[in-house]
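This is what each chain is made of:
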Amino acid sequence: MKQYVMAIDQGTTSSRCVLYNKKGAMVSMAQKEFTQIYPQPGWVEHNAEEIWETQLFVCREALAKIGAFWDDIAAIGITNQRETTIVWDKTTGKPVYNAIVWQCRRTAEFCNEIGTEEVRNMIREKTGLILDPYFSGTKIHWILDHVEGARERAENGELLFGTIETWLIWNLTGGRVHVTDHSNAARTMLFNIHTLQWDEDLLQLLDIPACMLPQPVENSAVYGETEDAMFGGPVPIAGAAGDQQAALFGQLCFEEQEGKMTYGTGGFMLLNTGDRVITSENGLLSTVGWTLQGKTSYAMEGSIFVEGAVIQWLRDELGILKSAGESEELAASVEDNAGVYLVPAFTGLGAPHWDPFARGTICGLTRGTKRAHIVRAALESMAYQTVDLSAAMKEDLGHPLKTFKVDGGACANDFLMQFQADMLDTAVVRPAVVETTSLGAAYLAGLAVGYWDSLDEIKANEQFDRVFQPQMEEQKRRKMIEDWHEAVRRSGGWIRE
Ligand code: ADP
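Residues numbered from 1 in each chain as written. Predicted model: local features only at pLDDT ≥ 70, side-chain atom pairs only at ≥ 80, totals over all residues. Heavy atoms only, no water.

Section: a nonpolar patch on the surface
Counted only if it meets this: Excluding any residue in a salt bridge, patches collect residues exceeding 30% relative accessible area, merging like charges within 9 Å and nonpolar Val, Leu, Ile, Met, Phe, Trp and Tyr side chains within 5 Å. All accessible-area figures derive from a Shrake-Rupley calculation using a 1.4 Å probe, and residue coverage is judged against the displayed protein chains alone. What counts as a salt bridge is simple: a side-chain nitrogen of Lys or Arg found within 4 Å of a carboxyl oxygen of Asp or Glu. Counting from the N terminus, the helices are DSSP H or I runs at least four residues long and the strands are E runs at least two residues long.
On the surface, a cluster of nonpolar side chains totalling about 260 Å² of accessible area is made up of I130, F305 and W354. Here F305 lies in the loop between β18 (295–304) and α11 (309–318).

Next comes the structure, spelled out in structure tokens:
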């Protein structure tokens, strides 16, 4: 009996590998950071070969740490930073350019050039996304346009494109398997999420030859086996999903209306919408959650640019916190926010406000405002922004969310979680394993090879750390949300040419 499932978690700043056992408990973990490349303002790149090397290194290290071998591993599941784009030579395996990272804004002007209303609507309808440099499509276009000879070589079938999971699978299998899972494909802006196929019109719009694209596959299926040189013997690669979708799966949000919120540097809310693609009227994206045993579950997604990062700002720029953890004790040391509201619109506001010209604002300062009030206002802003996302989802759905599960670094903060429950007027559920991203990838892979037999068997592993029940009276809650919206209004449109 194989003992573990290996989860490969390839993130924006580090490559990680986690080994899980049948109970869904972490038994080994290894992590390595890699270089961030900023060639000019607004541009972000990674070295694709360094990504592969650090990833292989941590996989071997996670095995070595507990004396495990390739034949202890039932399957490998992959989760990854989404949208990041790699183009490489099919024969040599050499990337023709650095990986262009999701954060990179280099194609903003090109998006404006092609962004007629007709094009924007087409993209929205087919892909569930908005036309934006964030997604892979315009990044591929940029590489083909700017690397000498690339377009011709791509048209001759000499080059391959992949997002990170595609690149890792291709390398793990020694160049034998060129696939992308449906959740990652859904972030390329080239993939029709209704038909689950690459879209001819979009390929034509961005002038991308179909022959360089990977084959779209389900999220839980055996794609191939690792080359013996990787771990000493063949291990099936049996699942993949983008990081946010993997977290939704790892939180066991298998049913329609189940959702999760991640409190990391930024914030991401995803909601399972079942077999329906819901087109948001409130600035949210539609995407594939996963395809499992022939059935696709869609999701609605909202993102907040600055979530835990506001606490980093208090610590690193203002210097009023020693550690992120200290924010909890300080916030609880004062009775209330004393009328202080902080809107962390450092880079504008994302969903559902979408105001690129908003900037950070602190309202309601008085002579008696203490450091603790500002820290408390910062934590509260993380919850209010989540309330705004949840309200947008509720409006699109026509009813409130069924469950509210949390993960990410800042969900360790009990003050924040209680305040979140109060502001949402919904119970907030914190799982025992908050490493939900890698756990989701492990579950997808383990299901494909029968390591876990069913979703029910996985559900039996679920353990909660704590459930936060709402306690605030309605009138007070409404007043605070009203004041928050007034503060948001005042932060809006600050940048004027
Ligand atoms: P990411 O995966 O986006 O790098 P993490 O999930 O590791 O982020 O979360 C880190 C973020 O959470 C940081 O922005 C940090 O400021 C914030 N954070 C960590 N611990 C706490 C805490 N106890 N209270 C509030 N914020 C926290």
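Text resumes after the structure shown.
Some details on the state of the cysteines
Formally: The criterion for a disulfide is a pair of cysteine sulfur atoms lying within 2.5 Å.
Tallying each qualifying case throughout the model produces zero disulfides. Looking at C111, it has no disulfide partner, and the nearest cysteine sulfur is the one in C104, 11 Å off. Unpaired in terms of disulfides, C411 finds its nearest cysteine sulfur in C253, a separation of 13 Å.

Remarks on the sheet that holds strand β3 (residues 26–33)
Just so we agree on the cut-off: We treat two strands as partners when DSSP finds at least two bridges between them. Axes here refer to lines fitted to C-alpha atoms; in helices the fit is confined to the stretch in contact. Angles between the N-to-C directions go from 0 to 180 degrees. We call two residues in contact when some of their heavy atoms are within 4.5 Å.
Read from one edge of the open sheet, six strands run β3-β2-β1-β5-β14-β13, paired in mixed fashion. For this open sheet the edge positions go to β3 and β13 (220–225), each flanked by a neighbour on one side alone. Between one strand axis and the next, the sheet turns by 25° as a mean value, whatever way the strands run. Its contacts with the sheet put helix α6 (residues 164–172) on β1 (4–10), β5 (73–80), β13 and β14 (236–242), and the angle it makes with β5 is roughly 145°. Contacts from helix α15 (residues 436–448) reach β1, β2 (14–20), β5, β13 and β14 within the one sheet, and its direction differs from that of β5 by about 135°.

With respect to the pairing of strand β21 (residues 403–407)
The side chains of a regular strand alternate, first on one face of the sheet and then on the other. Rules: When accessible area is computed with a 1.4 Å probe and restricted to protein chains, residues below 20% of their type maximum are described as buried, those above 50% as exposed, and intermediate ones as partly exposed.
Among the five residues in β21, four count as buried, and that is most of the element. Across five bridges, strand β15 (residues 258–263) lies against β21 in parallel orientation. Along β21, the bridge assignment pairs T262 with D407.

Examining the site of the ligand
The criterion, for reference: Any residue with a heavy atom positioned within 4 Å of a molecule or strand is treated as near that molecule or strand. Distance and chemistry together define a polar contact, namely a pair of N or O atoms within 3.5 Å, with one atom able to donate a hydrogen and the other to accept it when in protein, and with adjacent residues in sequence counting only for side-chain atoms on both sides.
Close to the ligand lie 13 residues, the nearest being T265, G308, Q312, G409 and N413. One of the side-chain N or O atoms of T265 is found 2.8 Å from an oxygen atom in the ligand. The contact in question runs from a nitrogen atom of the ligand to an N or O atom on the side chain of N413, over 3.0 Å. If the ligand stood free it would expose 580 Å²; the protein chains cover 66% of that surface. Per-element accounting of the shell around the ligand gives the leading share, three residues, to α11.

Here's the deal with helix α1 (residues 48–65)
To be explicit about the condition: In this analysis, the expected span of each helix is defined as 1.5 Å times one less than the number of residues it contains.
Between the first and last C-alpha of α1 there are 26 Å, a value that for 18 residues agrees with the 26 Å anticipated at 1.5 Å per step. Taken residue by residue, α1 has A48, I51, W52, T54, Q55, L56, V58, C59, A62 and L63 as its buried positions. Residue N47 occupies the N-cap position of α1, its side-chain oxygen lying 2.9 Å from the main-chain nitrogen of E49. The first or second residue beyond α1 is G67, which carries a positive phi of 65°.

Quick notes on helix α13 (residues 371–397)
Compared with an ideal rise of 1.5 Å per residue, which puts 27 residues at 39 Å, α13 spans 40 Å between its outermost C-alpha atoms and is within 8% of the ideal. In terms of residue burial, α13 counts as a mostly covered element, since 23 of its 27 residues are buried. Backbone geometry just downstream of α13 places G398 in the positive-phi region, at approximately 85°.

Looking at the packing of helix α10 (residues 243–250) against α15
Definition in use: Throughout this description, any angle smaller than 35 degrees is read as roughly parallel, any larger than 145 degrees as roughly antiparallel, any in the 65 to 115 degree range as roughly perpendicular, and the remainder as oblique. Residues are grouped as follows: Ala, Val, Leu, Ile, Met, Phe, Trp, Tyr, Cys and Pro are nonpolar; Asp, Glu, Lys and Arg are charged; every other residue, Gly included, is polar.
At a minimum axis distance of 7 Å, the contact between α10 and α15 shows a crossing angle of 75°. Here α10 lies roughly perpendicular to α15, going by the angle between them. Two secondary-structure elements touch here, α10 through D243, A246, A247, F249 and G250 and α15 through T436, T437, L439, G440, A441, Y443, L444 and L447. For the contact of α10 with α15, the class distribution of residues is eight nonpolar, four polar and one charged.

Let's talk about the environment of F191
Turning to its location among the elements, F191 is positioned in strand β10 (residues 191–192). Residue classification places F191 among the buried positions, given a relative accessible area of 0%. Along the chain, F191 and I123 lie 68 residues apart, while their C-alpha atoms are 9.5 Å from each other. With residues near it in sequence (within four places) discarded, F191 still touches K126, T127, H182, A185, A186, L196, Q197, W198, L202 and P216.

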